[in-house]
Amino acid sequence: MSRLLALALLAAAAPVAPARPAAEPPTAPAPADVGSGVYRDVLRSTVWVHSDRGNGRLATGTGTLVDKGRRLVLTNYHVVGDVKRATVFFPDYGRDARALSDRKHYLDNANRLGVPGDVVEIDKEGDLALVRIDKVPDGVPALPLAAESPDPGQTVHSIGNPGKSGALWVYTPGKVRQVYSKKWRAKLDERTVLTFEAKVIETDSPTNPGDSGGPLVNDKGQLVGVTQGGALDAQLLSTFIDLSEVKRLLNRRSVQALRSTETVAAVPQVKEKEKGKEPAKPHRDAALKSKDEAKFFSEEAFAKVQPAADKLLKEKGLDLLIETYDTIPNQDAAKLKAMSAADRTKVLRDFAEGRLKTEKMVGLYIVVNKNPGSLYVVLAEAASKKLPDEVATKVKQTLLKNLGEKKFDAGLADALKILLDSQGLGEKKDEKKEDKK
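Residues numbered from 1 in each chain as written. Predicted model: local features only at pLDDT ≥ 70, side-chain atom pairs only at ≥ 80, totals over all residues. Heavy atoms only, no water.

On to the packing of aromatic side chains, then. The final tally for this structure, using the stated rule, is 10 aromatic pairs. Where Trp48 meets Phe89, the ring centres are 5.8 Å apart and the plane angle is 45°; that geometry is what we call tilted. Taken together, the residues Trp48 in strand 2 (residues 46–54) and Phe89 in strand 5 (residues 85–89) connect sequence positions 41 residues apart. For Trp48, a relative accessible area of 3% puts it in the buried group. Here the aromatic rings of Trp48 and Tyr106 are separated by 6.5 Å at their centres, their planes lie at 85°, and the arrangement is edge-to-face. In this pair, Trp48 sits in strand 2 while Tyr106 sits in helix 3 (residues 103–108), placing the two residues 58 residues apart along the sequence. Classification of Tyr106 as buried rests on a relative accessible area of 0%. Clustering of aromatic rings is evident, with ring pairs tying together Trp48, Phe89, Tyr106 and Trp169. Here Lys370 stacks its cationic end above the ring of Phe296, 5.5 Å away from the centre of that ring. (Phe/Tyr/Trp six-rings, centres within 6.5 Å; stacked < 30°, edge-to-face > 60°. Helix = DSSP H or I, 4+ residues; strand = E, 2+ residues; numbered from the N terminus. Buried < 20%, exposed > 50% of the residue type's maximum accessible area, 1.4 Å probe, protein only. Lys NZ or Arg CZ within 6 Å of the ring centre and 35° of its normal.)

Before going further, it helps to examine helix 5 (residues 243–250). Most of helix 5 sits inside the fold, with 6 of its 8 residues counted as buried. Leu243, Glu245, Val246, Lys247, Leu249 and Leu250 are the residues of helix 5 that are buried.

Another aspect to go through is the packing of helix 8 (residues 305–316) against helix 12 (residues 408–422). Where helix 8 meets helix 12, the closest approach of the two axes is 11 Å, and the angle between their N-to-C directions is 10°. Looking at the two axes, helix 8 sits roughly parallel to helix 12. When helix 8 is examined against helix 12, the residues Val305, Ala308, Lys311 and Leu312 are found in contact with a partner set consisting of Leu412, Leu416, Leu419 and Leu420. Grouping the amino acids of the contact of helix 8 with helix 12 by side-chain chemistry returns 7 nonpolar, no polar and 1 charged. (Axes fitted to C-alpha atoms, helices over the stretch in contact; angles between N-to-C directions. Parallel < 35°, antiparallel > 145°, perpendicular 65-115°, else oblique. Contact = heavy atoms within 4.5 Å. Nonpolar A, V, L, I, M, F, W, Y, C, P; charged D, E, K, R; others polar.)

The sheet built from 6 strands closes into a barrel, its strands ordered 2-3-4-7-6-5 with antiparallel pairing. Pairs of neighbouring strands in the sheet enclose a mean axial angle of 40°, with direction left out of account. Helix 5 rests against strand 3 (57–67), strand 4 (72–75), strand 6 (114–123) and strand 7 (128–133) of the sheet, and its axis sits at about 50° to strand 7. (Pairing = 2+ DSSP bridges.)

Generally, phi is negative for residues other than glycine and the peptide bonds are trans, each holding for most cases. The residue after Asn371, namely Pro372, is reached through a cis peptide bond having omega 0°. Within the chain, Arg71 stands out as a residue other than glycine whose phi angle is a positive 60°. Along the polypeptide, Arg71 turns up in the loop between strand 3 and strand 4. Positive phi is not limited to glycine here, since Asp127 has a value of about 55°. Here Asp127 lies in the loop between strand 6 and strand 7. The exposure class of Asp127 is buried, given its relative accessible area of 0%.

One full turn of an α-helix is made of 3.6 residues, so residues set three or four places apart face in the same direction. Here helix 12 spans 21 Å end to end across 15 residues, near enough to the 21 Å set by a 1.5 Å rise per residue. Along its buried surface, helix 12 packs onto helix 5, helix 7 (299–302), helix 8, strand 15 (319–325), strand 16 (363–369) and helix 11 (389–404). Of the residues flanking the end of helix 12, it is Gly424, one or two places downstream, whose phi is positive at about 70°. (Expected span 1.5 Å × (residues − 1).)

This next bit is on the pairing of strand 2. In the case of a regular strand, side chains alternate between the two sheet surfaces. In terms of residue burial, strand 2 counts as a mostly covered element, since 7 of its 9 residues are buried. As paired elements, strand 2 and strand 3 share 8 bridges and run antiparallel to each other. Its bridge partner being in strand 3, His50 is matched across the sheet by Thr60. In sequence, strand 2 turns back onto strand 3 through a hairpin of 2 residues, with Asn55 there showing a positive phi of about 55°. Examined bridge by bridge, strand 2 and strand 5 share 3 bridges and lie antiparallel to one another. Note that in strand 5 the partner of His50 across the bridge is Thr87.

Quick look at the structure:
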């Protein structure tokens, strides 16, 4: 089973000069109550964070479960400070299936509802921290990460626990004003002011102390940022730590080395590991071998495909297979040219589906046909939790545009970059933050 993402027909007269592709189906407008739907979904993964600073001082904030297998809750560094342990509270639901928002309910039932955890990773410069909680309550999902940072003008949603509010789990909508790199100061406590430097998202949504560390999400309920709060020198704006900084933290070697209790769900033959054993290995020993039979790309450019495939398999358990043909196997070029667009689509779809099944793929398959010129991109259903549809669609669009302009090598390089960046495996311009805590 697969998710069929894209078919773009290229002009038959030239190997890769594209004819106008069939129009994409129009995107349905977001429903008026999109905010309430996003709120319900995101709230399940949101927590109220308590950080005991000693001497009767308690710092509180917000956080998000971002890795269920490793039991990792993401929050701000300035929420947990330099403590070794913190406690989180997931929403408790009443008989009407609504989250209870009374703070006293959680404090009175702290022994039952509070989940302690260790602060296992911090990024002081980027104002981020990870708390590895002792357990994840039944039915609580991890919040998925978006494929990329938001754009100015995009609608965003946040959930927090502002101290000035009499309630928990407060929802705030907003619009992105800009995404940029910034250096700023913020309070750790009444006596300590810290300086941070990171890529941030600026919005028009109001935030308050207590919201810090909470999720900022898009209309699909995917994490795009982390509420920062506490800015000293800025008024009438809110600052969130950008998704790219989150991915950098999550992809540190020390974080990836943490043992996960989840196996690769995409592979049925892999049984759940017993507690205490190492996490499941990738579903195959070596990456699939891509091939450029039609010679669309230079040898130097295509040589970069295999290292990318090796990295995706080893680090993320994802397959990448790219194949180009003069004419796809078992087909006649003249007959393909004579077919209607719909019939030609079916032939390519059936071929791609067959390759997914034959290779037992958990990832992305790309096939480029020269005669007649065609491009097809398909994402295996088994990989959908790790590789969002949006990433595969962006790969397709990038390839289509560049192949149409005969920028073959550039298109391939851009597609590989999109894939690797989406998994936090791309090349980093500044590695010095990698080892900072």
